[in-house]
Amino acid sequence: MATCVNHHLFSNLKTFKSFKTTTPNSASEFHSIGWRPIQCVQTGEKERVTVVKNGNDSLEICRILNGMWQTSGGWGRIDRDDAVDAMLRYADAGLSTFDMADHYGPAEDLYGIFINKVRRERPPEFLEQIKGLTKWVPPPVKMTSSYVRESINVSRKRMDVSSLDMLQFHWWDYSNTGYLDALKHLTDLKEEGKIKTVALTNFDTERLHIILENGIPVVSNQVQHSIVDMRPQQRMAELCQLTGVKLITYGTVMGGLLSEKFLDTNLSIPFAGPPLNTPSLQKYKRVVDAWGGWSLFQVLLQTLKKVANKHGVSIPTVAVKYVLDQQSVAGSMVGVRLGLSEHINDTNAVFSLTLDEEDVNSIQEVTKKGKDLLKVIGDCGDEYRRA
């Protein structure tokens, strides 16, 4: 198995061992003992695209990703042709990166149909801009080379690509170290050209450290991150900053809770507010409850609305930009209900928005009143592994 990692990485990881159970005060604390950060490459209109990389492995992605969890059921019936046409509209608008998973219903199949439509109807240079990121979420069985290869071949076939742009790996049980075997086999498939970049989703800081120490060249870790859930900016972002691994975030608009729709609503009164009628709204309402409750969340929405009005944008646009400005964040997910609703203009407005010091301070005046979710929930991904 060949590995391509930055030559400063292993000395950084060796030093990181002594900090595994503590959070440093600042990046300068690491720099003082010889840590060497790797800078993220950013290009394009107002940083519309960025490059995630590790050694010789790299992938250019749009900094706002079209999240396709919403195709898996629970958000409304998806019509195949309407969905594919909607994907093309997003791509035509410059939102050219799509995120999916093996268990997101028809998501990978829709991407396969879409990419063939692009091949037929758009020029080759347009096709090169399209990126399809998928996830593999296997059961806790023995991770043999043949099992991993067969699983990845399913996604390659469904997405109709010879090589997956990015394979993001999830693992349920850390006590089973088979995740290292799986990642080594994935790296072998990358060397064969079946995968362009290997990445993670919902791994915590300690396991990311172990994975990098084993020479596996992951380029990113996809984690839950929003104005309310700032856990990734604690231990995870420190390690990412100093190894070059980037964060791709989901839950950034909290399923739509961070929007005008929920401003000045009282969910404690039956039928008084908008229904929490999707899996994502229900999920992130629980995060709000853990963080500080609906009353504090309303104060946050009111503050975000003032910032949005100042810049002539929407609350979701401010929410996404705030997270994109955080340390080590390469890109943020915005879910798409393909063929049912669209938010292309709001999404593209993120790239021309600049939050000033007054904006950031006003937001932080509210968020500091909430609970530290690292203490309540745990590190990144721990919400999936609690008993």
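No experiment lies behind these values; they were computed from the predicted model shown.

The rules we used
- Residues numbered from 1 in each chain as written.
- Predicted model: local features only at pLDDT ≥ 70, side-chain atom pairs only at ≥ 80, totals over all residues.
- Heavy atoms only, no water.
- Phe/Tyr/Trp six-rings, centres within 6.5 Å; stacked < 30°, edge-to-face > 60°.
- Helix = DSSP H or I, 4+ residues; strand = E, 2+ residues; numbered from the N terminus.
- Buried < 20%, exposed > 50% of the residue type's maximum accessible area, 1.4 Å probe, protein only.
- Lys NZ or Arg CZ within 6 Å of the ring centre and 35° of its normal.
- Axes fitted to C-alpha atoms, helices over the stretch in contact; angles between N-to-C directions.
- Parallel < 35°, antiparallel > 145°, perpendicular 65-115°, else oblique.
- Left-handed = near helix turned anticlockwise from the far one by under 90°.
- Contact = heavy atoms within 4.5 Å.
- Nonpolar A, V, L, I, M, F, W, Y, C, P; charged D, E, K, R; others polar.
- Salt bridge = Lys/Arg side-chain N within 4 Å of Asp/Glu carboxyl O.
- Pairing = 2+ DSSP bridges.
- Right-handed = clockwise from strand over helix to strand, strands pointing away.
- Core = buried A, V, L, I, M, F, W, Y, C linked by side-chain atoms within 4.5 Å.
- 1 Å grid on protein atoms, 1.4 Å probe; cavity = no way out; pocket = protein on both sides within 12 Å on 5 of 7 lines; lining within 4 Å.
- Points joined across faces, edges and corners; volume = space filled by probe spheres on them.
- Disulfide = S-S within 2.5 Å.
- Polar contact = N/O pair within 3.5 Å; in protein donor to acceptor, adjacent residues only side chain to side chain.

Novice: Explain the packing of aromatic side chains residue by residue, including any values.
Specialist: Considering all chains together, one arrives at 12 aromatic pairs under this definition. For the pair Trp136 and Phe169, a centre-to-centre distance of 5.7 Å together with 45° between the ring planes defines the contact as tilted. On the criterion of sequence distance, the pair formed by Trp136 in strand 6 (residues 131-136) and Phe169 in strand 7 (residues 164-169) is long-range, its members being 33 residues apart. With respect to burial, Trp136 and Phe169 carry one shared label: buried. Connected via pairs of aromatic rings, a cluster forms that spans Trp136, Tyr147, Phe169, Trp171, Tyr174, Tyr179 and Phe203. The side chain of Arg122 reaches across the aromatic face of Phe126, ending 5.9 Å from its centre.

Novice: Can you break down the packing of helix 7 (residues 178-192) against helix 8 (residues 205-213) residue by residue, with the values?
Specialist: Look at helix 7 against helix 8: their axes get within 11 Å of each other, and the N-to-C directions meet at 50°. If you check the angle between helix 7 and helix 8, you find them oblique. Once helix 7 is placed against helix 8, the crossing between them reads as right-handed. The residues of helix 8 that touch helix 7, namely those facing Tyr179, Leu180 and Leu183, are Arg207, Ile210 and Ile211. Here the contact of helix 7 with helix 8 is built from residues that sort into 5 nonpolar, no polar and 1 charged.

Novice: I'd like a rundown of the pattern of salt bridges, residues and numbers included.
Specialist: Counting across every chain of the model gives 25 salt bridges. A salt bridge links Arg80 to Asp81; the nearest nitrogen and oxygen atoms lie 3.4 Å apart. Among the ionic pairs, Lys321 bridges to Asp325, the shortest N-O distance being 3.3 Å. Take Asp325: its relative accessible area is 42%, and that puts it in the partly exposed class. Ionic contacts of the salt-bridge type, sharing partners, join the residues Lys310, Asp356, Glu358 and Asp359 into one network.

Novice: For the pairing of strand 7, give the residues involved together with the corresponding values.
Specialist: Of all 6 residues making up strand 7, 6 are buried, and the element is well covered by its neighbours. The sheet contact formed by strand 6 and strand 7 spans 4 bridges and is parallel. In the strand pairing of strand 7, Trp136 is matched with Phe169. Crossover strand 6 to strand 7 through helix 6 (residues 145-159) is right-handed.

Novice: With reference to specific residues and values, describe the pairing of strand 9 (residues 220-224).
Specialist: If a strand is regular, its side chains alternate between the two faces of the sheet. Here strand 9 lies mainly inside the structure; 5 of its 5 residues are buried. By the alternation rule, side chains of strand 9 split into Ser220, Gln222 and Gln224 and Asn221 and Val223, which are all buried. Bridge count between strand 8 (residues 195-201) and strand 9: 2 bridges; the pairing is parallel. Opposite Leu200, over in strand 9, you have Asn221 as the bridge partner. Handedness of the strand 8-helix 8-strand 9 crossover: right-handed.

Novice: Can you lay out the sheet that holds strand 11 (residues 329-335) for me, pointing to particular residues and giving the numbers?
Specialist: Taken in spatial order, the 8 strands of this closed barrel run 4-5-6-7-8-9-10-11, and their pairing is parallel. Each neighbouring strand pair of the sheet contributes to a mean axis angle of 30°, computed without reference to strand direction.

Novice: Provide a residue-level description of the nonpolar core, including the pertinent values.
Specialist: Formed by 111 residues in total, the largest nonpolar core has its most connected members in Tyr111, Phe114, Phe169, Leu186, Phe297 and Leu300. With 8 residues, helix 11 (residues 294-311) is the largest single contributor of residues to this core.

Novice: Lay out the layout of surface pockets in plain terms, naming residues and giving numbers.
Specialist: Of the pockets and cavities examined, the largest pocket occupies roughly 1100 Å³. Gln70, Val253, Gly255, Ser280 and Gly335 are, among the 46 residues lining the largest pocket, the residues nearest its centre. Among the elements of the structure, helix 10 (279-291), helix 12 (315-324), strand 11 and helix 13 (344-348) are those that each provide at least two residues to the lining of the largest pocket. When residues of the lining of the largest pocket are assigned to their parent elements, the largest contribution, 4 residues, is made by helix 10. Taken together, the residues that form the lining of the largest pocket break down as 20 nonpolar, 20 polar and 6 charged. Approximately 250 Å³ is the volume found for the second largest pocket. For the second largest pocket, the lining is made up of 15 residues, of which Val228, Met230, Trp291, Thr367 and Lys371 are closest to its centre.

Novice: So, the packing of helix 8 against helix 9 (residues 235-243): which residues are in play, and what are the values?
Specialist: Orientation of helix 8 relative to helix 9, taken along the N-to-C sense of each, is 25°, at an axis distance of 9 Å. As far as their axial angle goes, helix 9 and helix 8 are roughly parallel. Here Thr205, Leu208, His209 and Leu212 of helix 8 come into contact with helix 9, specifically with Arg235, Met236, Leu239, Cys240 and Thr243. Looking at the contact of helix 8 with helix 9 residue by residue, the class counts come to 5 nonpolar, 3 polar and 1 charged.

Novice: How would you sum up the state of the cysteines? Please name residues and give values.
Specialist: One pass over the full model with this rule turns up 0 disulfides. With no disulfide of its own, Cys380 lies closest to Cys240 among cysteine sulfurs, the gap being 8.2 Å.

Novice: Explain the environment of Lys196 residue by residue, including any values.
Specialist: Secondary-structure assignment places Lys196 in strand 8. Lys196 gets classed as partly exposed once you look at its relative accessible area, which sits at 41%. Taking C-alpha positions, Lys196 is 7.1 Å from Asp57, a pair spaced 139 residues apart along the chain. Contacts of Lys196, omitting those with residues within four sequence positions, involve Asp57, Ser163, Leu164, Asp165 and Lys190. There is a polar contact of 3.1 Å between the side chain of Lys196 and the side chain of Asp165.

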